[in-house]
Amino acid sequence: MDLDDTPDEASFRAEVRGWLAAHKPHDLTELSSVAAIRDLPDVAPALEWSAKLAEAGYAGITWPAEHGGRGAPLSYQAIFLEEAAAMDAPVHLGGIGLNMIGPTIIEYGTPEQKQHLAHILDGSEIWCQGFSEPGAGSDLAGVRTRATLDGDHYVINGQKVWSSFAHIAQWCMLLVRSEAGSERHRGLTMILVDLDLPGVEIRPIRELTGDAVFNEVFYNDVRVPVSHVLGAVGDGWNVAMTTLGHERATLGFSLVGSLEALLRRAVALVAEVGVSDPLLLDRLAAEVVEVEALKLTNRRFLATLEDGAVPGAEGSAIKLRWSLANQRLTSLIFDMLGPAAVAAPEEWRYQRFRSRANTIEAGTNEVLRGILAERVLGLPRSR
Ligand SMILES: Cc1cc2nc3c(=O)[nH]c(=O)nc-3n(C[C@H](O)[C@H](O)[C@H](O)COP(=O)(O)OP(=O)(O)OC[C@H]3O[C@@H](n4cnc5c(N)ncnc54)[C@H](O)[C@@H]3O)c2cc1C
């Protein structure tokens with residue numbers, strides 16, 4: 001495995017760095033790549049930045065050129081994410097559409113559905129992912145939201161929860177049970193839903209951080225044309241797994257890039273507040289080692305993906321280790337601040353609270369440990 005950029009990758013990295021230095025807005029801190037996306041007082045500047053990223057070819061880096069992407073290998077996406085995090089550049093507002101939903105539409109979509117792709121790229125359509133329900137989270141096969149065929153429409157009834165960005169989204173990729181009486185993975189269908197349709201009710205949920213970025217979404221007799229089914233009727237489970245596979249492919253690079261940026265700030269804090277306690281410095285040193293190990297694991301993951309493997313256990317290991325490292329680091333920063341923590345910048349408090357969700361979103365740590373136990377260690381199934 002070669003850890004250095006190829007000459008082409010190095011020149012792409014220099015191009016990205018130069019472009020971000022010239023164009024990065026300084027007033028879009030709600031979209032910082034180091035923190036998660038926050039409440040936006042006004043989405044207009046965020047949409048403008050998303051459109052600018054698309055125009056410069058930095059949205060959909062791995063998407064095929066025929067769908068408006070750059071058609072570049074995953075390593076280019078990784079380079080962009082690393083550089084953006086290093087400069088704390090704002091992210092594209094439509095990350096869920098770009099990284100998860102767009103690639104799924106490319107794989108399963110009809111020509112009519114593929115018309116959405118250009119809008120996902122430039123941010124003119126924000127999408128959300130409607131998978132989780134009150135009784136279906138880790139166990140996604142428990143989905144109960146129903147879709148009943150009525151002529152050339154499906155009528156949708158049910159409730160989703162934790163739908164990130166639904167309150168600012170126009171569209172949702174929704175997993176529904178289309179076959180009455182079916183169980184588990186069978187009888188599920190993926191459908192694209194316009195959130196402006198009558199019967200859709202979106203209720204933001206306020207988080208520990210004080211922000212309200214995810215939502216409960218209620219579907220009451222929502223009539224969606226049959227032509228909006230993504231993939232085959234009844235094949236929703238496979239479509240959902242494709243989406244989650246895309247999430248895992250590049251998630252590690254944005255996570256570890258932002259962790260490294262946070263680590264750099266923590267190291268700067270040592271001099272700023274004069275940390276001399278050897279136990280605190282020892283904890284900080286351990287995080288430096290952890291970040292290096294995660295970066296190397298990311299490289300190994302990338303090498304296996306470029307060899308054609310499907311995203312596997314490395315993705316789970318990176319997400320698990322990153323979530324714990326981010327929680328430790330945000331706590332360590334408060335310990336280093338000591339009494340000054342009372343007057344800590346709002347951003348530090350936000351990061352610390354937000355890090356609690358890291359061990360739940362995109363697969364809980366218990367579930368990820370289960371995956372590693374079964375698929376890496378070969379232990380018997382736990383259930
Ligand atoms: C910030 C954030 C954003 C999110 N955004 C979205 C989104 O946009 N769209 C969406 O659809 N969902 C989203 N989610 C939901 C997320 O996918 C679920 O919260 C997650 O899958 C866990 O499901 P759950 O909350 O129902 O918990 P449960 O699955 O009910 O889990 C409860 C507890 O039981 C444990 N547990 C469950 N199963 C097992 C097992 N087999 N072995 C061991 N322990 C187990 C879990 O680890 C957890 O501790 C988001 C969540 C967060 C926190």
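Residues numbered from 1 in each chain as written. Predicted model: local features only at pLDDT ≥ 70, side-chain atom pairs only at ≥ 80, totals over all residues. Heavy atoms only, no water.

Asks: Break down unusual backbone geometry for me, citing the residues and quoting the values.
Replies: Here D88, not a glycine, exhibits a phi torsion of approximately 45°, which is positive. Position of D88 relative to the elements: it lies in the loop between helix 3 (74–86) and helix 4 (95–108). Overall, D88 belongs to the partly exposed group, its relative accessible area being 22%. Positioned with a positive phi, R184 is a non-glycine residue whose angle comes to about 55°. Tracing the backbone shows R184 in the loop between strand 4 (171–177) and strand 5 (188–194). According to the relative accessible area criterion, R184 is partly exposed, its value standing at 38%. (Helix = DSSP H or I, 4+ residues; strand = E, 2+ residues; numbered from the N terminus. Buried < 20%, exposed > 50% of the residue type's maximum accessible area, 1.4 Å probe, protein only.)

Asks: I'd love a proper account of the nonpolar core, names of residues and values included.
Replies: Where a protein is soluble and globular, its nonpolar side chains tend to be buried together. In terms of nonpolar packing, the biggest core is built from 69 residues, with I156, I191 and Y219 touching the most fellow members. Core analysis: the next-biggest nonpolar cluster, separate from the first, contains 28 residues, V256, L259, L262 and V291 among them. (Core = buried A, V, L, I, M, F, W, Y, C linked by side-chain atoms within 4.5 Å.)

Asks: Please give an account of the site of the ligand that cites residues and values.
Replies: Lining the immediate environment of the ligand, one finds 17 residues, of which S132, S138, W162, T364 and E366 sit closest. One of the backbone nitrogen or oxygen atoms of F131 is found 3.0 Å away from an oxygen atom of the ligand. Each residue belonging to the shell around the ligand can be placed in one class, and the counts come to six nonpolar, seven polar and four charged. The two domains that each donate at least three residues to the shell around the ligand are domain 2 (127–234) and domain 3 (239–375). (Near = heavy atom within 4 Å. Polar contact = N/O pair within 3.5 Å; in protein donor to acceptor, adjacent residues only side chain to side chain. Nonpolar A, V, L, I, M, F, W, Y, C, P; charged D, E, K, R; others polar. Domains from an automatic or database assignment.)

Asks: How would you sum up the environment of D235? Please name residues and give values.
Replies: With respect to the secondary-structure elements, D235 resides in the loop between strand 8 (229–230) and helix 6 (236–273). Discounting residues that sit within four places of it in the chain, D235 has contacts with Y108 and L188. (Contact = heavy atoms within 4.5 Å.)

Asks: Which residues make up the side chain of H67, and what are the values?
Replies: By the element assignment, H67 lies in the loop between helix 2 (44–55) and helix 3. Contacts of H67, omitting those with residues within four sequence positions, involve I106, K114, L117 and L121.

Asks: Just give me the short version of the packing of aromatic side chains, but keep the residues and values in it.
Replies: Taken as a whole, this structure holds seven aromatic pairs when the rule is applied. Centroid distance W127 to W171: 5.5 Å. Interplanar angle 20°. Geometry classified as stacked. On the criterion of sequence distance, the pair formed by W127 in strand 1 (residues 127–130) and W171 in strand 4 is long-range, its members being 44 residues apart. Accessibility assignment for this pair places W127 and W171 in one class, buried. Connected via pairs of aromatic rings, a cluster forms that spans F12, W19, W49, Y58, Y76 and F80. Directly above the aromatic system of Y350 lies the positively charged group of R38, at a separation of 3.6 Å from the ring centroid. (Phe/Tyr/Trp six-rings, centres within 6.5 Å; stacked < 30°, edge-to-face > 60°. Lys NZ or Arg CZ within 6 Å of the ring centre and 35° of its normal.)

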